[in-house]
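Commentary on secondary and tertiary structure
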Amino acid sequence: MPNDFSAIDLSTINVAHDVIVSAIRQKVCQWEQESSDLATDGNLTNAVMVKHWAFCADILASSVSTEFTNLFSQALNARFGDLTPTAHRSTADQVLDAVALEVVATQGAPKLVTT
């Protein structure tokens with residue numbers, strides 16, 4: 001784990017979060033379908049086992065998602081400073097501003113369109 005969280009790209013964190021959590025959730029769906037098929041075929045012992053795998057993977061997906069959110073928050077705080085509320089602005093407003101800055105940084109310069 002890096003000590004300098006400000007060097008972590010926020011866009012990369014979001015993409016990695018989406019890819020990893022989606023892959024785990026896809027496996028959950030696959031195991032739930034397999035469990036249903038096994039139960040339909042009368043193989044109840046294996047159906048229960050695969051259903052338990054799906055349940056554990058679903059918990060894992062939630063845990064991974066939470067950790068990515070924590071990492072994003074640490075990187076955001078490292079990059080833009082402590083986002084504690086000030087007298088004039090709420091934490092939500094400050095976080096929204098920081099995310100907007102990150103989005104703008106990832107976008108290219110606007111193209112001029114002539115009519």
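This text gives an overview of the structure that appears in the document. (Residues numbered from 1 in each chain as written. Predicted model: local features only at pLDDT ≥ 70, side-chain atom pairs only at ≥ 80, totals over all residues. Heavy atoms only, no water.)

In terms of helices and strands, the chain carries 3 helices and 0 strands. In the chain, the succession of α and β elements from N to C terminus is α-α-α. Burial analysis of the chain (115 residues in total) assigns 23% to the buried set. Restricting to contacts in the chain with at least 6 residues of sequence separation, those with at least 24 account for 60%. Counting only carbon and sulfur atoms, one obtains 61% of the accessible surface of the chain, whose full area is about 8,200 Å². (Helix = DSSP H or I, 4+ residues; strand = E, 2+ residues; numbered from the N terminus. Buried < 20%, exposed > 50% of the residue type's maximum accessible area, 1.4 Å probe, protein only. Contact = heavy atoms within 4.5 Å. Areas by Shrake-Rupley, 256 points an atom, 1.4 Å probe, with all protein chains shown as cover.)

A word on the packing of helix H1 (residues 10-40) against helix H2 (residues 44-80). Running from N to C, H1 and H2 cross one another at 170°; their axes reach a closest spacing of 8 Å. Comparing the axis directions of H1 and H2 gives the class roughly antiparallel. (Axes fitted to C-alpha atoms, helices over the stretch in contact; angles between N-to-C directions. Parallel < 35°, antiparallel > 145°, perpendicular 65-115°, else oblique.)

Moving on, we come to the environment of Ser36. You can see Ser36 is positioned in helix H1. The class for Ser36 is partly exposed, based on a relative accessible area of 37%. Ser36 sits 15 residues away from Lys51 along the chain, and the two C-alpha atoms are 8.3 Å apart.

Within the element layout of this structure, His17 appears in helix H1. Linking His17 and Ser65, residues 48 residues apart in sequence, is a C-alpha distance of 6.6 Å.

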